[in-house]
Amino acid sequence: MDGKKLEYKGEEALTELEKLTMKPGEVQERILRGILERNGETEYLNKYMTKGSKDVGEFKRCVPVIMYNRIRPYIQRIANGEDSSLITGHPITEMLCSSGTSAGEPKLMPSIAEDLDRRTFLYNLIMPIINQYVPGLDEGKAMYLYFVKAEMSTPSGLPARAVLTSYYKSKHFRCRSPDPYNNFTSPNQAILCIDSNQSMYCQLLAGLIHRHQVLRLGAVFASAFLRAISFLECNWANMCNDIRTGHLDTTITDPACRSAMSALLLSPNPHLASEIERICGRPSWKGIVCHLWPRAKYIEAVVTGSMAQYIPSLEYYSDAKLPLVCPMYASSECYFGVNLKPLCDPADVAFTLLPNMGYFEFLPLGDNGKFTPMEVDEEDDQVPKDKLVDLVDVRLGCYYELVVTTFAGLYRYRIGDVLQVTGFHNKAPQFRFICRRNVVLSIDTDKTNEEDLHRSITKAKKLLEPHNALLVEYTSYADASSLPGHYVIFWEIKAPFASTPDNDYATVLQECCVAVEEELDYIYRRCRAHDKSVGPLEIRVVKPGTFHGLMDLCVDQGGSINQYKTPRCIKSDAALELLNSNVEGCFFSPRDPAWKP
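The rules behind the values
Residues numbered from 1 in each chain as written. Predicted model: local features only at pLDDT ≥ 70, side-chain atom pairs only at ≥ 80, totals over all residues. Heavy atoms only, no water. Helix = DSSP H or I, 4+ residues; strand = E, 2+ residues; numbered from the N terminus. Rg over C-alpha atoms; globule rule 2.2 N^0.38 Å. Buried < 20%, exposed > 50% of the residue type's maximum accessible area, 1.4 Å probe, protein only. Areas by Shrake-Rupley, 256 points an atom, 1.4 Å probe, with all protein chains shown as cover. Lys, Arg positive; Asp, Glu negative; His and termini not counted. Charge placed at Lys NZ, Arg CZ, Asp CG, Glu CD. Phe/Tyr/Trp six-rings, centres within 6.5 Å; stacked < 30°, edge-to-face > 60°. 1 Å grid on protein atoms, 1.4 Å probe; cavity = no way out; pocket = protein on both sides within 12 Å on 5 of 7 lines; lining within 4 Å. Points joined across faces, edges and corners; volume = space filled by probe spheres on them. Nonpolar A, V, L, I, M, F, W, Y, C, P; charged D, E, K, R; others polar. Expected span 1.5 Å × (residues − 1). Salt bridge = Lys/Arg side-chain N within 4 Å of Asp/Glu carboxyl O. Pairing = 2+ DSSP bridges. Axes fitted to C-alpha atoms, helices over the stretch in contact; angles between N-to-C directions. Contact = heavy atoms within 4.5 Å. Polar contact = N/O pair within 3.5 Å; in protein donor to acceptor, adjacent residues only side chain to side chain.

### A word on the overall build of the protein chain
Moving on, step 1. For the protein chain, the helix and strand inventory stands at 20 helices and 22 strands.
Moving on, step 2. For 597 residues, the compact-globule estimate of 2.2 N^0.38 gives 25 Å, and the protein chain sits close to it at 25 Å.
Moving on, step 3. Its C-alpha atoms give the protein chain principal-axis dimensions of about 75 × 70 × 45 Å.
Moving on, step 4. Burial analysis of the protein chain (597 residues in total) assigns 59% to the buried set.
Moving on, step 5. Counting only carbon and sulfur atoms, one obtains 51% of the accessible surface of the protein chain, whose full area is about 23900 Å².
Moving on, step 6. Taking the average place of the 65 positive charges on the side chains of the protein chain and the average place of its 74 negative ones, the gap between the two points comes to 3 Å.

See below:
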């Protein structure tokens, strides 16, 4: 993959995977040498290294570890029309827009033509891996919900688009050869429709039409799959009418969608429509996925990191009968690795990093396997270069921040993901995704990272279960508008229970506040109970559908449904205003959390 176009499939792909993971150190050194050979004459590298140098040792001694603010001026110059040779030896063909929803604003990432080959290489590994555990997937269809986002252009005319939009619009996807393991229910025209509502409608309708052939379901992120279920709740009656009459709803105006869907609605099918009506008309949608697609064997979606909180909802809609498969780890900057045990419990998902995807280094976070979260200033991001360790030198149980160097012109770039080493496949390390760096709440001396926040929410929401209530979504922010400041958590609850003499709604939500605080770390509890520098935690319950509105806001501002992740810490004034305008009730922790000096 270091310059050669390779397309492995099936057993051949698995064989290549074994080769790569047997000698990851050699592959990594070859990748870095290849990057330096191509890019050694660039303005960026010549700023730090001897002009034209291809010396790996000089690279490690002299090239700094950076965050986006350090590379952004070069990327912006290329976007404005200067030559790609500022940062890379190959022409930059497009700029990829990061989601911008994990933390901060969307970023532009350079991409060259062969990056699509690398992404395709990783995609081609997924089905051979899963097929080892789930046989017969070539005997039916996959209902995968994929979406594109309207493109922008840089001032110089380069496309600026989401990484998945880039892939779906490429010949690698559009012109893929027939493959029984990737037989999708969605027509390409529906996937490539930039109107997300029309795309969603057509893809779900296609999935219903083929309901008895569907063997697997999914979307890129769990949030997108659940968004589809909510959309289906609102639109299933219209879809049944389409199937019954053989005519597509008039709200679908995209010509390509109408043409593709008309080919699926060749004739009226009242029997199928009645089947779907009976299922969707039930008073409870618990297990709806298994009822609508009875042959489905699993749901595929990212359920790690901030997506883990969607697992109860996915289990609710599948009646906990379908495994949740999290197949790969990737970002706009680089694709990283695959999950070699796809049927494992979501909590045990680990990704084997593929050493041919880019050059990987790791910034240790703490000693002796103990995670030490870092608050990082974008304007002061200096990290001693000798702190970094290579892929083959990471240690079991330890936490690291991932740092990448790519052919497209990122050098020792901090991705911002915190990973933990959980094991090895052959000689290649496997990592659990922990959280995003700097997605933290901070008041006074307390700094709460995403993993701690998620763990505390997971414990607290169990208090809702005896009342048949389900936490659908959450986010948070640090309210410093008064002294002392306090943490605010926005909750959207499905089927909230009513107050009765034996069950006071407010009391239960107050106990949820207590449960969150009790699970937060020692520093937080000291600040609350002893120092009194942090005020009682607050839960604000918002109206149903509020978080869909938050997604819409982010998408309207340039995000992508495919890449959207609910921000776990709100930074945007507009997002905060939207959440606060939908608050139905506010509940505070009634007592201090336990703390002992």
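### Details of the packing of aromatic side chains
Where two aromatic rings form a pair, the distance of their centres and the angle of their planes describe that pair.
Moving on, step 1. For the structure shown, the criterion picks out 23 aromatic pairs.
Moving on, step 2. Seen from their ring centres, Tyr-329 and Phe-336 are 4.6 Å apart, and the 40° between their planes marks the pair as tilted.
Moving on, step 3. Centre to centre, the rings of Tyr-329 and Phe-433 are 6.2 Å apart; their planes meet at 65°, and the pair counts as edge-to-face. Residue Tyr-329 is located in strand E9 (residues 328-330), and its partner Phe-433 is located in strand E16 (residues 428-436); the two are separated by 104 residues in the primary sequence. Taken as a pair, Tyr-329 and Phe-433 share a single burial class, namely buried.

### Things to note about the layout of surface pockets
Moving on, step 1. In this structure, the second largest pocket encloses a volume near 560 Å³.
Moving on, step 2. Along the wall of the second largest pocket there are 24 residues; nearest its centre are Gly-305, Ala-308, Ala-347, Arg-432 and His-454.
Moving on, step 3. Listing elements by their share of the lining of the second largest pocket, those giving two or more residues are helix H15 (311-318), E16 and helix H16 (450-461).
Moving on, step 4. Residue classes in the lining of the second largest pocket are distributed as 10 nonpolar, six polar and eight charged.

### Points about H16
An α-helical turn contains 3.6 residues, so a residue and the one three or four places further along point in the same direction.
Moving on, step 1. The terminal C-alpha atoms of H16 lie 16 Å apart, and with 12 residues this matches the ideal 16 Å at 1.5 Å per residue to within 8%.
Moving on, step 2. If you check which residues of H16 are buried, you get Glu-450, Asp-452, Leu-453, His-454, Ser-456, Ile-457, Ala-460 and Lys-461.

### Overview of the environment of Glu-450
Moving on, step 1. In this fold, Glu-450 is placed in helix H16.
Moving on, step 2. Overall, the relative accessible area of 5% leaves Glu-450 in the buried class.
Moving on, step 3. Through-space distance from the C-alpha of Glu-450 to that of Arg-432 is 14 Å; in sequence the pair is 18 residues apart.

### A short note on the pattern of salt bridges
Moving on, step 1. Overall, the coordinates contain 28 salt bridges when judged by the stated rule.
Moving on, step 2. Measuring nitrogen to oxygen at the nearest pair gives 3.4 Å for the salt bridge that ties Lys-51 to Glu-41. Here Lys-51, found in the loop between helix H3 (43-46) and helix H4 (56-62), pairs with Glu-41, found in the loop between helix H2 (24-39) and H3; they are 10 residues apart in sequence, far enough to count as distant. Here Lys-51 matches Glu-41 in class, with each residue exposed.
Moving on, step 3. Among the ionic contacts, a cluster of salt bridges with common partners joins Arg-38, Glu-114, Asp-115 and Arg-118.

### Side note on the sheet that holds strand E22 (residues 583-588)
Moving on, step 1. Pairing is mixed across the open sheet formed by four strands, whose spatial order is E19-E20-E21-E22. Only two strands of the sheet have a single neighbouring strand rather than two, namely strand E19 (470-479) and E22. On average, each strand axis in the sheet is tilted by 25° relative to the strand beside it, whichever way the strands run.
Moving on, step 2. Two elements, E19 and strand E20 (residues 486-494), share nine bridges in a ladder whose sense is antiparallel. Its bridge partner being in E20, Ala-478 is matched across the sheet by Tyr-487.

### Focus: empty space enclosed by the protein
Moving on, step 1. Tallying each qualifying case throughout the model produces three cavities of 30 Å³ or more.
Moving on, step 2. Of the voids in this model, the largest cavity is the one considered here, and its volume is about 130 Å³.
Moving on, step 3. For the largest cavity, the lining is made up of 13 residues, of which Asp-115, Arg-118, Cys-334, Tyr-335 and Met-357 are closest to its centre.
Moving on, step 4. With three residues, helix H6 (residues 115-131) is the largest single contributor of residues to the lining of the largest cavity.
Moving on, step 5. By residue class, the composition of the lining of the largest cavity is five nonpolar, four polar and four charged.

### What about the sheet that holds strand E5 (residues 159-161)?
Moving on, step 1. The four strands are arranged E2-E1-E5-E4 in an open sheet whose pairing can be described as mixed. Edge positions in the sheet fall to strand E2 (108-112) and strand E4 (152-153), since each of these pairs with one other strand and no more.
Moving on, step 2. Pairing analysis gives two bridges linking E4 to E5, with the strands arranged antiparallel. From the neighbouring strand, Met-152 faces E5, where its bridge partner is Ala-160.
Moving on, step 3. Packed on one face of the sheet, H6 meets strand E1 (92-97) and E2 and runs near 90° to E2.

### Points about the environment of Tyr-411
Moving on, step 1. Inspection of the secondary structure puts Tyr-411 in the loop between strand E14 (399-405) and strand E15 (413-425).
Moving on, step 2. Of the residues examined, Tyr-411 reaches a relative accessible area of 0% and is grouped as buried.
Moving on, step 3. The sequence separation of Tyr-411 and Tyr-335 amounts to 76 residues, and the corresponding C-alpha distance is 15 Å.
Moving on, step 4. From its side chain, Tyr-411 meets the backbone oxygen of Ile-87 in a polar contact 2.4 Å long.

### As for the pairing of E15
Moving on, step 1. Of all 13 residues making up E15, 10 are buried, and the element is well covered by its neighbours.
Moving on, step 2. Of the pairings in the sheet, the one linking E14 to E15 comprises five bridges and is antiparallel in character. Across the sheet, residue Tyr-400 finds its bridge partner in E15, namely Leu-419.
Moving on, step 3. With eight bridges joining them, E15 and E16 adopt antiparallel strand pairing. In the strand pairing of E16, Asp-417 is matched with Arg-436.

### Points about the side chain of Ser-331
Moving on, step 1. Tracing the backbone through its elements, the reader meets Ser-331 in the loop between E9 and strand E10 (335-338).
Moving on, step 2. Relative accessible area serves as the criterion here: at 16%, Ser-331 is assigned to the buried category.
Moving on, step 3. A polar contact is formed between the side chain of Ser-331 and the side chain of Glu-333, at a distance of 2.8 Å.

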